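Commentary on secondary and tertiary structure
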Amino acid sequence: MVAQQQPGDLRHARTGIELRPGLDGVPATQSSICDIDGDQGLLTYRGYPMQDLAANSSFLETAYLLIWGELPSSDQLADFEHAVQMHRRVSFRVRDMMKCFPASGHPMDALQSSAASLGLFYSRRAIDDPQYIYDAVVRLIAKIPTMVAAFQLIRKGQDPIQPRDDLAYSANFLYMLTEREPDPLAARIFDCCLMLHAEHSLNASTFSARVTASTLTDPYAVVASAVGTLAGPLHGGANEDVLAMLEEVGSAGNAGAYLDEAMQAKRKVMGFGHREYKVKDPRAVILQALVEEMFDRFGHDDLYDVARAIEREAESRLGPKGIYPNVDFYSGLVYRKLGIPRDLFTPVFAIARVAGWLAHWREQLGANRIFRPSQIYSGSEPRSWMPIEQRVTSPAA
Ligand code: SDX
């Protein structure tokens, strides 16, 4: 006999578990991929501190660590880098499909469509085959940057340029996007940004990836599902909005007034706040150092002065509530200096996070049970059918 839900009771009748909006604090899975200490501002990937990886590793080495759980040997890394390099190209069919997308469309919609289309080329059902898993990981990590860069050129009315096998992963992406071989420092800083954005435990897009993975669908659908989730302004889309905010504030002297007005209007300050961190996001700390390294070498950006003023003025206004800069607050300033268009900031986030989504896809397959949470029903009691002539027009919900 299923226990009856009592009206207004936010505890599940059968399990007694209380409803938590946004699943705040509710463990939805067990994972060994990434750990966050939100009070201390600590982030580790498979036990390795983010600071150590940012200083010593590369994006592909970090992706390998996240997905297979250990840092690769030199042979394993060389094989993985070579496999990714060999799979960077995208079928003309996908490129031709992208040429039909409206140039005014958002690049995240183009990426979600093109990522899903990869599933048309590869079998869907071999997900219990380690070779299939390896091949899918290589293809997605290799092809996502190519598709992001391809849409940028296509929407400008140009043909996409082919990947260059003589360039490393990050340098090749910047080359395909800007049509210029990047400065080695720019490529290294971009590669570090990818490491910082690669994984972050059960954020919204990774949760989407795990829910989709739990149905045993193909990895291309898993990534497409996650891309759609990342696109939202409360998640990966915030980096784009931060730059718009900095331009709206205009000068450091306006920062305090802007914050007062935003708080008065109960408007969220983009790039601030986090469900887990109650201190400054450790990734924001590293990104700020990268911003300063970029500006020392390639010239200053006055918006950085605005950003620092916002952070300074927010300390007293938002700090007491545990609201500090998150990963999105400074990342856009790096991308802007690299010549990456603003509406490509979130696709760049996706290029990095594919590593985390694939790590969680593989982990979910290792101990799968389909996600099917419950609900607290708050709708109508059972009622009789109402013929249309007897219905009273009620305002649409
Ligand atoms: C990412 O989860 C992850 O790990 C995500 C991510 C990753 O790597 O995957 O880190 C990437 O998504 C970073 C976050 C990017 N989004 C933004 O910068 C958008 C602005 N931030 C907020 O929308 C918000 O902080 C969230 C979405 C990040 C977190 O939201 P929560 O945990 O649901 O918090 P909440 O909205 O319930 O707010 C709690 C309180 C509220 O005040 P009260 O009503 O209790 O008085 O804090 C306030 C909020 O108004 N608040 C903010 C704020 N964020 C929260 N007030 C002003 N500005 C903000 N940014």
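The structure presented is a predicted model; accordingly, all values stated were derived computationally and were not measured. (Residues numbered from 1 in each chain as written. Predicted model: local features only at pLDDT ≥ 70, side-chain atom pairs only at ≥ 80, totals over all residues. Heavy atoms only, no water.)

**Considering the packing of helix H6 (residues 130–155) against helix H10 (residues 219–230)**
- With their axes 10 Å apart at the nearest point, H6 and H10 run at an angle of 40 degrees to one another. Judged by the angle between their axes, H6 and H10 are oblique. Viewed along their axes, H6 and H10 form a crossing whose handedness is right-handed. Contact residues: Tyr132, Ala136, Arg139, Leu140 and Ile144 in H6; Pro219, Tyr220 and Val223 in H10.
- Of the residues in the contact of H6 with H10, the class split is 7 nonpolar, no polar and 1 charged. (Axes fitted to C-alpha atoms, helices over the stretch in contact; angles between N-to-C directions. Helix = DSSP H or I, 4+ residues; strand = E, 2+ residues; numbered from the N terminus. Parallel < 35°, antiparallel > 145°, perpendicular 65-115°, else oblique. Left-handed = near helix turned anticlockwise from the far one by under 90°. Contact = heavy atoms within 4.5 Å. Nonpolar A, V, L, I, M, F, W, Y, C, P; charged D, E, K, R; others polar.)

**Focus on the domain arrangement of the protein**
- Taken as a whole, the protein is organised into domain 1 (34–234 + 341–366) and domain 2 (238–337).
- Centre-to-centre, using C-alpha coordinates, domain 1 lies 26 Å away from domain 2.
- For the pair domain 1 and domain 2, the summed buried surface comes to about 2,600 Å²; carbon and sulfur atoms form 65% of the total.
- Ranking the residues of domain 1 by area buried against domain 2 places Ile189, Arg342 and Phe345 at the top, with a combined share of 25%.
- Where domain 1 meets domain 2, there are 3 salt bridges.
- Aspartate 183 is paired through a salt bridge with arginine 297; the nearest N and O atoms lie 3.1 Å apart.
- The tally of links from domain 1 across to domain 2 stands at 9 residue pairs in polar contact (both at pLDDT 80 or more). (Domains from an automatic or database assignment. Buried area = accessible area lost by both parts, 1.4 Å probe. Salt bridge = Lys/Arg side-chain N within 4 Å of Asp/Glu carboxyl O. Polar contact = N/O pair within 3.5 Å; in protein donor to acceptor, adjacent residues only side chain to side chain.)

**Things to note about the packing of helix H2 (residues 59–68) against helix H16 (residues 345–366)**
- Interaxial distance between H2 and H16 falls to 8 Å at its minimum, and their mutual angle equals 20 degrees. Taken together, the axes of H2 and H16 lie roughly parallel to each other. Relative to H16, H2 is oriented so that their crossing is right-handed. Packed against H2, whose contacting residues are Phe59, Ala63, Leu66, Ile67 and Trp68, the element H16 presents Ile351, Ala352, Ala355, Leu358, Ala359 and Arg362 at the interface.
- Broken down by class, the residue content of the contact of H2 with H16 amounts to 10 nonpolar, no polar and 1 charged.

**Observations concerning the site of the ligand**
- Taken together, 21 residues form the shell around the ligand, and within it His200, His274, Arg275, Arg283 and Arg353 come nearest.
- Glycine 271 is positioned with one of its backbone polar atoms (N or O) 2.8 Å from an oxygen atom of the ligand.
- When isolated, the ligand has an accessible area of 1,100 Å², and the protein chains bury 71% of it.
- Residues that form the shell around the ligand fall into these classes: 8 nonpolar, 7 polar and 6 charged.
- Looking at which domains feed residues into the shell around the ligand, each of domain 1 (34–234 + 341–366) and domain 2 (238–337) gives three or more. (Near = heavy atom within 4 Å. Areas by Shrake-Rupley, 256 points an atom, 1.4 Å probe, with all protein chains shown as cover.)

**Regarding the environment of aspartate 96**
- By secondary structure assignment, the location of aspartate 96 is in helix H4 (residues 92–98).
- For the pair aspartate 96 and isoleucine 154, spaced 58 residues apart in the sequence, the C-alpha separation amounts to 9.6 Å.

**Details of helix H12 (residues 255–264)**
- Within H12, burial applies to Ala255, Gly256, Tyr258, Leu259 and Ala262. Taken down its axis, H12 places every buried residue within 160 degrees of arc, on the same side. Exposed side chains of H12 directed beyond 90 degrees from the buried face belong to Ala257 and Gln264.
- Buried-residue contacts for H12 involve helix H11 (238–249) and helix H14 (302–318).
- A positive backbone phi angle near 55 degrees is found at lysine 266, which sits one or two residues after H12. (Buried < 20%, exposed > 50% of the residue type's maximum accessible area, 1.4 Å probe, protein only. Arc of directions from axis to C-beta.)

**Concerning unusual backbone geometry**
- Backbone geometry at arginine 46 places phi at a positive 50 degrees, although glycine is not the residue there.
- Looking at where arginine 46 falls in the secondary structure, it is placed in the loop between strand S2 (42–45) and strand S3 (48–49).
- Arginine 46 sits in the partly exposed class, given a relative accessible area of 21%.

**As for the nonpolar core**
- In terms of nonpolar packing, the biggest core is built from 119 residues, with Phe59, Ile141, Ile144, Leu246, Ile310, Leu333 and Ile340 touching the most fellow members.
- With 15 residues, the top contributor of residues to this core is H6.
- Built from parts of two domains, this core gets at least three residues from each of domain 1 (34–234 + 341–366) and domain 2 (238–337).
- The contact partners of isoleucine 144, leaving out residues within four places of it in the chain, are Leu111, Ala115, Val223, Ile351 and Val354. (Core = buried A, V, L, I, M, F, W, Y, C linked by side-chain atoms within 4.5 Å.)

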